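# Working through the structure, step by step
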Amino acid sequence: MPGRDVVSGRGAFLEFLGLTLAAGTFALVVAHPEACEALVHTLAASTGRLTH
């Protein structure tokens, strides 16, 4: 049926999960700014390992 979710309620749950993850990340960056720098460094190092 047009206009209906394939799985009812799943979209709302995924939206809630995404917003919770975003809010948690924002709180972590505000509380511990060095955590953001460490995360970027870890992601860059792991990406570098994948390319070699």
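See the structure shown above.
The present account deals with the structure reproduced in this document. Just so it is clear, the structure is predicted and the values come from calculations on it, not from any experiment.

One can describe the packing of helix α1 (residues 10–31) onto helix α2 (residues 33–51) by two numbers: an axis separation of 4 Å at closest approach and a directional angle of 115°. The pairing of α1 with α2 is recorded here as roughly perpendicular in orientation. In this structure, α1 contributes L28, V29, V30 and A31 to the contact, and α2 contributes P33, A35 and C36. Counted by class, the contact of α1 with α2 contains seven nonpolar, no polar and no charged residues.

This part takes up a nonpolar patch on the surface. A cluster of nonpolar side chains, namely F13, L14, F16 and L17, defines an oily patch on the protein surface of about 430 Å² accessible area. Position of L17 among the secondary structure elements: in helix α1. The class of L17 is partly exposed, set by a relative accessible area of 45%.

The rules behind each value
- Residues numbered from 1 in each chain as written.
- Predicted model: local features only at pLDDT ≥ 70, side-chain atom pairs only at ≥ 80, totals over all residues.
- Heavy atoms only, no water.
- Axes fitted to C-alpha atoms, helices over the stretch in contact; angles between N-to-C directions.
- Helix = DSSP H or I, 4+ residues; strand = E, 2+ residues; numbered from the N terminus.
- Parallel < 35°, antiparallel > 145°, perpendicular 65-115°, else oblique.
- Contact = heavy atoms within 4.5 Å.
- Nonpolar A, V, L, I, M, F, W, Y, C, P; charged D, E, K, R; others polar.
- Patch = residues over 30% accessible without salt bridge, like charges linked within 9 Å, V, L, I, M, F, W, Y side chains within 5 Å.
- Areas by Shrake-Rupley, 256 points an atom, 1.4 Å probe, with all protein chains shown as cover.
- Salt bridge = Lys/Arg side-chain N within 4 Å of Asp/Glu carboxyl O.
- Buried < 20%, exposed > 50% of the residue type's maximum accessible area, 1.4 Å probe, protein only.

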